[in-house]
Amino acid sequence: MGTALSRMAAKDGFFEIVALGKAQLDITNEDQIQQALAAHLPDYVVNCATYDYVDLAEQNQALCYGVNTDAVEKLARVCGDFSIPMFHLSTDYVFDGHYASGYTEEDEVAPLGVYGDSKWQGEERLRQLLPRHIILRVSWLFSEQGDNFVLRTLETARKQKVMEAVSDRRGCPTAASDVARVILAMLKQIHNGADAWGTYHYCGAEIINRYDFCKEILIAAGSYESFEVEKLVPISGKDYLTEALRPNTSVLTCRKLLSVFGIRQRPWRHELQWLMRIMYKHKD
Ligand SMILES: NC(=O)c1ccc[n+]([C@@H]2O[C@H](COP(=O)([O-])OP(=O)(O)OC[C@H]3O[C@@H](n4cnc5c(N)ncnc54)[C@H](OP(=O)(O)O)[C@@H]3O)[C@@H](O)[C@H]2O)c1
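Values in this document were obtained by computation on a predicted structure and should not be read as measured data.

Student: It is not clear to me how the site of the ligand should be interpreted in this structure. Could you clarify?
Tutor: Surrounding the ligand, one finds 21 residues, the nearest of these being Met1, Lys22, Asp26, Tyr115 and Lys119. In the model, a nitrogen atom of the ligand is placed 3.0 Å from a nitrogen or oxygen of the Ile27 main chain. Separating an oxygen atom of the ligand from a side-chain N or O atom of Asp52 is a distance of 3.1 Å. Protein contact buries 72% of the 900 Å² of open area that the ligand shows by itself. Those elements that place two or more of their residues in the shell around the ligand are strand E2 (86-91) and helix H4 (114-129). Here the element with the most residues in the shell around the ligand is E2; it accounts for three residues. The residue makeup of the shell around the ligand, split by class, is eleven nonpolar, five polar and five charged.

Here it is in structure tokens:
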């Protein structure tokens, strides 16, 4: 997300971005946060850093809470000292996924695992410490880099003749570049005086299950590459055993973002096609 945002901001030109990776700023280190903010005195801090190894988090709880909860508290505290508002990203995993018709920002959270709980606790620390904050919960991110469902699907399809995908888990895929667009649009309005702090949801338009999304990914990439895979088998989420439980239907309702900021959801299908064009252009 950090890379997508830096790229989009550079192209857009409204904000100058100082992009700091973990090597330049470890957000678990309050002194480093202090030094970074003193050195750059930004108008806003956008926190894209996270510990998001959902399964490993069950074993590495200290690390997970350290980055997703305690470090968010540190960022919020130092931002408060410098009077800098903070934009923070969170996740649909704060919900348990039992509510099929979509979660609003007012719906009660019920994380199923350590990762979701650590993100929820991080949100709460931010709310308590820094009134001028935005929390944007997003879902099912994909981009041309990092560890995400689209890239994992392509990797598996290159190696295996038969692939399995969960058909009873539904959500809304979301391009990281699309979230970058939303973050910049929100920040511009805030910068121009909109008093719209609080929690918002954003995801790509159109609900789909993992199995059908897998098919869409292979169709989109199939125009550029031939895959080893011959058969895609639908399975149930309860047969896909993982360390951490995952929400079944993690659909985020984005009406608040539309009514407060006038920002509309974009169809993820278009973003997926665009991603394929970018990825395969760079492969040549
Ligand atoms: N990916 C999804 O599907 C998804 C879904 C819903 C919500 N979100 C949320 O979206 C946001 C962005 O996620 P993402 O997919 O961009 O995550 P990502 O690809 O895993 O990137 C997270 C970045 O945070 C860095 N980081 C970890 N610990 C750090 C620390 N102590 N100090 C500074 N940087 C640190 C990581 O660096 P290293 O790699 O070097 O550790 C990595 O570059 C997160 O808030 C996440 O919860 C993601």
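Student: Would you mind going over the side chain of Asp178 with me for this structure?
Tutor: With respect to the secondary-structure elements, Asp178 resides in helix H6 (residues 176-191). Those residues in contact with Asp178 that lie beyond four places of it in its chain are Tyr202, Arg266 and Glu271.

Student: I'm lost on empty space enclosed by the protein in this one. Help?
Tutor: Empty space among the atoms becomes visible once a probe the size of a water molecule is rolled across them. Evaluated as defined, the whole model comprises one cavity of 30 Å³ or more. One number sums up the size of the largest cavity: a volume of about 50 Å³. Every residue lining the largest cavity is listed: Val54, Glu58, Tyr93, Phe95, Leu112, Gly113, Tyr115, Gly116, Ala244, Leu245 and Pro247. Partitioned by chemical class, the residues of the lining of the largest cavity number eight nonpolar, two polar and one charged.

Student: Can you help me understand helix H7 (residues 210-222) in this one?
Tutor: Because the α-helix completes a turn every 3.6 residues, residues three or four places apart line up on one side. A rise of 1.5 Å per residue sets the reference length of H7, with its 13 residues, at 18 Å; its end C-alpha atoms lie 18 Å apart and thus fit the reference within 8%. Of the residues flanking the start of H7, the one acting as N-cap is Asn209, its side-chain oxygen 2.9 Å from the backbone nitrogen of Tyr211.

Student: Quick question: what am I supposed to make of the packing of aromatic side chains here?
Tutor: Geometrically, a pair of aromatic rings is defined through the distance of the ring centres and the angle of the planes. A complete count under the given rule lists twelve aromatic pairs for this structure. For the pair Phe14 and Phe15, a centre-to-centre distance of 4.8 Å together with 80° between the ring planes defines the contact as edge-to-face. Judged by relative accessible area, which is 40%, Phe14 ranks as partly exposed. Using a relative accessible area of 14% as the deciding quantity, one classes Phe15 as buried. With 5.5 Å between their ring centres and 70° between their planes, Tyr99 and Tyr103 make a pair best called edge-to-face. For Tyr103, a relative accessible area of 4% puts it in the buried group. Connected via pairs of aromatic rings, a cluster forms that spans Trp140, Phe142, Phe149, Phe213 and Trp268. Lying over the aromatic face of Phe149, Arg210 brings its terminal NZ or CZ to 4.5 Å of the ring centre.

How each quantity is defined
Residues numbered from 1 in each chain as written. Predicted model: local features only at pLDDT ≥ 70, side-chain atom pairs only at ≥ 80, totals over all residues. Heavy atoms only, no water. Near = heavy atom within 4 Å. Polar contact = N/O pair within 3.5 Å; in protein donor to acceptor, adjacent residues only side chain to side chain. Areas by Shrake-Rupley, 256 points an atom, 1.4 Å probe, with all protein chains shown as cover. Helix = DSSP H or I, 4+ residues; strand = E, 2+ residues; numbered from the N terminus. Nonpolar A, V, L, I, M, F, W, Y, C, P; charged D, E, K, R; others polar. Contact = heavy atoms within 4.5 Å. 1 Å grid on protein atoms, 1.4 Å probe; cavity = no way out; pocket = protein on both sides within 12 Å on 5 of 7 lines; lining within 4 Å. Points joined across faces, edges and corners; volume = space filled by probe spheres on them. Expected span 1.5 Å × (residues − 1). Phe/Tyr/Trp six-rings, centres within 6.5 Å; stacked < 30°, edge-to-face > 60°. Buried < 20%, exposed > 50% of the residue type's maximum accessible area, 1.4 Å probe, protein only. Lys NZ or Arg CZ within 6 Å of the ring centre and 35° of its normal.

Such coordinate-based values are descriptive only and should not be taken to indicate function.
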